[in-house]
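# Per-entry structural report
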Amino acid sequence: MLADTRSQTPEHIAIIMDGNGRWAERRGRPRIFGHIKGCGRVREIIREADRLGVKKLTLYAFSSENWGRPTDEVSVLMRLLYKWLIRERRELLEKNIRFRAIGAIHRLPVTVQRMVEDTMKVSQENSGLQVTLALSYGGREELVTTARRLASRVVSGEISVTDINEDLFSSQLWTADIGDPDLLIRTSGEQRISNFLLWQLAYAELYFTDKMWPDFKASDLRLSLDAYSRRQRRFGLTEHQLEVRV
Ligand code: FPP
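What counts and how
- Chains are numbered independently. Their residues run from 1 in the order of the written sequence.
- Reporting in this predicted model follows two pLDDT cut-offs: at least 70 for local features of residues, and 80 or more for side-chain atom pairs to be given and counted; totals over whole chains, interfaces and linings ignore these cut-offs and use all residues.
- Only hydrogens and water are removed before side-chain values are computed, so all heavy atoms of the structure are retained for them.
- In this analysis, axes come from line fits to C-alpha atoms, helices being fitted only over the stretch in contact, and the angle between any two N-to-C directions falls in the range 0 to 180 degrees.
- Secondary structure counts use DSSP, requiring at least four H or I residues in a row for a helix and at least two E residues in a row for a strand, with both numbered from the N terminus.
- With respect to orientation, any angle under 35 degrees is reported as roughly parallel, any angle over 145 as roughly antiparallel, any angle of 65 to 115 as roughly perpendicular, and every other angle as oblique.
- By definition, turning the near helix anticlockwise from the far helix through less than a right angle yields a left-handed crossing, and turning it clockwise yields a right-handed one.
- Contact between two residues is taken to exist if any of their heavy atoms lie within 4.5 Å; hydrogens are not considered.
- Residues are grouped as follows: Ala, Val, Leu, Ile, Met, Phe, Trp, Tyr, Cys and Pro are nonpolar; Asp, Glu, Lys and Arg are charged; all remaining types, including Gly, are polar.
- A cavity, in this analysis, means grid points on a 1 Å lattice covering only the protein atoms where a 1.4 Å probe fits yet has no way out; a pocket is instead an open set bounded by protein on both sides within 12 Å along at least five of seven lines, and a residue lines either one if it has an atom within 4 Å of a point.
- Grid points are joined across faces, edges and corners, and a volume is the space filled by probe spheres set on the points.
- The near set for a molecule or strand comprises every residue that places at least one heavy atom within 4 Å of it.
- What qualifies as a polar contact is a pair of N or O atoms within 3.5 Å, subject to a donor-acceptor requirement within protein and to the restriction that residues adjacent in sequence count only when both atoms come from side chains.
- Calculation of accessible area relied on Shrake-Rupley with a 1.4 Å probe; when residues are assessed, cover is drawn exclusively from the protein chains displayed.
- If over half the atoms of a molecule are within 2 Å of the grid points of a cavity or pocket, the molecule is regarded as sitting in it.

With that settled, consider the packing of helix α2 (residues 31–52) against helix α3 (residues 71–94). Geometry of a packed helix pair, given as the angle between the helix axes and the separation of the axes. Packing of α2 against α3 leaves a shortest axis separation of 11 Å and a crossing angle of 25°. Put simply, α2 runs roughly parallel to α3. For the element pair α2 and α3, the recorded crossing hand is right-handed. On the side of α2, the interface is formed by Arg31, Ile32, His35, Ile36, Cys39, Val42, Arg43, Ile46 and Arg47, while α3 contributes Glu73, Val76, Leu77, Leu80, Trp84, Arg87, Glu88 and Glu91. Residue composition of the contact of α2 with α3, by class: 9 nonpolar, 1 polar and 7 charged.

Turning our eyes to something else, we now look at the layout of surface pockets. Over the atoms rolls a probe the size of a water molecule, and its path tells where empty space is left. In this structure, the largest pocket encloses a volume near 620 Å³. Around the largest pocket sit 29 residues that line it, and Met17, Asn20, Tyr60, Ala61 and Phe62 are the ones nearest its centre. Those elements giving two or more residues to the lining of the largest pocket turn out to be α1 (20–25), α2, β2 (56–63), α3 and β4 (130–137). Its residues assigned to classes, the lining of the largest pocket shows 15 nonpolar, 8 polar and 6 charged. Looking at the second largest pocket, its volume works out to about 220 Å³. Arg100, Ala101, Ile102, Met120 and Trp174 are, among the 14 residues lining the second largest pocket, the residues nearest its centre.

Now for the site of the ligand. Near the ligand, the surroundings consist of 15 residues, among which Asp18, Gly21, Arg22, Arg31 and Arg69 are the closest. Here an oxygen atom of the ligand sits 3.2 Å away from a polar atom, N or O, in the main chain of Asn20. Contact distances for the ligand include 2.9 Å between an oxygen atom and a side-chain N or O atom of Arg31. For the ligand, the accessible surface in isolation is 620 Å², of which the surrounding protein chains cover 92%. More than half of the atoms of the ligand fall within 2 Å of the grid points belonging to the largest pocket. Every element with two or more residues in the shell around the ligand is listed here: α1 and α2.

See the structure below:
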């Protein structure tokens, strides 16, 4: 019997929301139109995750590499983010959702930074779904930042080299309070991690769908959870070992 290793609802879902630009271009519209539609899906997916009893939802909204996009697109994305926070804040609070952001937040425009920090603050006591936006986020940058942080603690004598283990390392990541995703979803048909949560995805189940993000509906989220519930997570062990553990 493998009942306990077949996962039910994933506690923590991470999503790479990809395909906004292509979705718009295929309709002869400017890329930004896809981002606007994508914002609507963010709301729908948060609501559905909450309804399904997911505990944590981590969304890749803007990568470190996205700063290299045309300036117009970057500034529209920043404006959309700002407006999204203003618009959604009430619902987040009403639904007892805790909002967080990870990434190089200091690189965001000051107005957006303030809005992000404020939304984190006002929702910090909420005990429901934890929604985290990865903003100006890069997995390698996070790992280098963590390595530097630990190295300086070694240099100051606060810890020794041998104190560094997986637990300590995890506790210094931007995701220290969030932990590792059980399921990663990527939309748009691409099958890559794209510098997202490189450490944290070590044992995540991966789910790729051809749907572009603006087309990814609540029902598509449910499909991904169905697929997840049929997976067997072995964490490096054999099937036999898992049977014995039941
Ligand atoms: C990828 O599509 C998506 C992004 C770079 C931004 C994701 C942003 C949103 C879903 C909207 C804003 C989010 C929030 C939370 C307000 P792409 O432009 O890379 O699409 P493409 O691969 O087709 O070019």
